[in-house]
Amino acid sequence: MKRLLICDCDEVLLHMVRHFRDWLDTDHDIDLQLAEGSFEKAMRHRADGELVTRERMWSLIDGFFPAEMDRQTLVPHAAEALEALGQRAEIVILTNLRDHCRESRITQLSTHGIVHRVECNQGPKGEPVARLVAEHGSPVTVFVDDLPTHHDSVAQHAPGVHRLHMVSEPSLAPHVPPAPAAHARIDDWRDAAAWITARFDAGSPAEA
């Protein structure tokens, strides 16, 4: 049976925050301070220093996806890693975007040589991960994501899945502590591919 790799996209396969920051700067006169680690605390109007409201924050994120997605760039070594891992695993890109962005995400990834099933999700990823694992016959599965909350959710709903925490943006990674619910934290795809391969080779589910 083939293994299963369920992988996030933004700040795992594609850089997002650096390009979102530049867009906020040039088009909206908003500063994004990556050291804050959370958009809700990091976005301030340059004119008065006031935090961007939560409603405005989501409006800006919706404005970036899908209209500005072509700004995004490939994370180093991501495409090569997926190509190698795809020789022995089914790969699903589970991305937290609204459903209308799915075709744009598929096209975007394909321009970088990443052609795999893409599923959009809103909210925690534990339940969709559990459904994907069941759909594929419950193979040995690895989940890769940059947000600790999703590792918490997967640990709850699919505890047998190996969980790898990755934050590929160098300016953001130092401000994001390792996710407690993840089994490992690796921010470079060369090392991540080796870790994932070792989980596939062992052929056992994760310890809850």
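Above this text you will find the structure in question.
A brief structural summary. Worth saying up front: this structure is predicted, and the values here are computed from it rather than measured.

With that out of the way, let us pick up the packing of aromatic side chains. The full count for this structure, using the stated rule, is 4 aromatic pairs. Centre to centre, the rings of phenylalanine 20 and phenylalanine 64 are 5.4 Å apart; their planes meet at 80°, and the pair counts as edge-to-face. Here phenylalanine 20, found in helix α1 (residues 17-28), pairs with phenylalanine 64, found in helix α3 (residues 54-64); they are 44 residues apart in sequence, far enough to count as distant. Relative accessible area serves as the criterion here: at 0%, phenylalanine 64 is assigned to the buried category. The positively charged end of arginine 199 is found above the aromatic ring belonging to tryptophan 195, 4.6 Å away from the centroid.

Within the secondary structure, tryptophan 189 is located in helix α8 (residues 189-202). Assessed through its relative accessible area of 1%, tryptophan 189 is described here as buried. Expressed as a C-alpha distance, the spacing of tryptophan 189 and methionine 166, which sit 23 residues apart in the sequence, is 8.7 Å. Among all residues touching tryptophan 189, those that are not within four sequence positions of it are Cys7, Val12, Leu13, Val75, Pro76, His77, Ala78, Ala81, Leu82, Leu85, Met166 and Ile196. From its side chain, tryptophan 189 meets the backbone oxygen of valine 12 in a polar contact 2.8 Å long.

Another point: the packing of helix α6 (residues 126-135) against helix α7 (residues 148-157). Where α6 contacts α7, the two axes come as close as 7 Å, and the packing angle between them is 50°. Classified by the angle between their axes, α6 and α7 sit oblique to one another. The handedness of the crossing between α6 and α7 is right-handed. The residues of α7 that touch α6, namely those facing Gly126, Glu127, Val129 and Ala130, are Ser153, Val154 and His157. Residue classes in the contact of α6 with α7 are distributed as 3 nonpolar, 3 polar and 1 charged.

Let us look at unusual backbone geometry. Residue proline 66 is reached from phenylalanine 65 by a cis peptide bond, and omega for that bond is 0°. Note that proline 66 resides in the loop between α3 and β5 (73-74). The phi dihedral of glutamate 11 is positive, around 65°, even though this residue is not glycine. Within the fold, glutamate 11 resides in the loop between β1 (3-7) and β2 (14-15). Positive phi outside glycine occurs at serine 138, with the angle close to 55°. Structurally, serine 138 can be placed in the loop between α6 and β8 (141-145). Residue serine 138 is classed as exposed on the basis of its relative accessible area of 51%.

On the secondary structure map, leucine 82 appears in helix α4 (residues 78-85). Note on leucine 82: relative accessible area 2%, which makes it buried. Not counting the four nearest positions on each side in its chain, leucine 82 is found in contact with Leu5, Leu13, Ile91, Ile93, Ile114, His116 and Trp189.

What follows deals with the side chain of histidine 19. In this fold, histidine 19 is placed in helix α1. Of the residues examined, histidine 19 reaches a relative accessible area of 13% and is grouped as buried.

Adjacent strands of a sheet form backbone hydrogen bonds with each other and so pair up, either parallel or antiparallel. With parallel pairing, 6 strands are arranged side by side in an open sheet as β7-β6-β1-β8-β9-β10. Edge positions in the sheet fall to β7 (117-120) and β10 (184-185), since each has one partner strand and no second. In this sheet, strand β9 (residues 162-165) lies alongside β8 in parallel orientation, the contact comprising 4 bridges. The partner of phenylalanine 143 across the bridge, within β9, is arginine 163. In the packing of α7 onto the sheet, contacts are made with β8 and β9, and the angle to β9 comes to roughly 175°.

What counts and how
- Residues numbered from 1 in each chain as written.
- Predicted model: local features only at pLDDT ≥ 70, side-chain atom pairs only at ≥ 80, totals over all residues.
- Heavy atoms only, no water.
- Phe/Tyr/Trp six-rings, centres within 6.5 Å; stacked < 30°, edge-to-face > 60°.
- Helix = DSSP H or I, 4+ residues; strand = E, 2+ residues; numbered from the N terminus.
- Buried < 20%, exposed > 50% of the residue type's maximum accessible area, 1.4 Å probe, protein only.
- Lys NZ or Arg CZ within 6 Å of the ring centre and 35° of its normal.
- Contact = heavy atoms within 4.5 Å.
- Polar contact = N/O pair within 3.5 Å; in protein donor to acceptor, adjacent residues only side chain to side chain.
- Axes fitted to C-alpha atoms, helices over the stretch in contact; angles between N-to-C directions.
- Parallel < 35°, antiparallel > 145°, perpendicular 65-115°, else oblique.
- Left-handed = near helix turned anticlockwise from the far one by under 90°.
- Nonpolar A, V, L, I, M, F, W, Y, C, P; charged D, E, K, R; others polar.
- Pairing = 2+ DSSP bridges.

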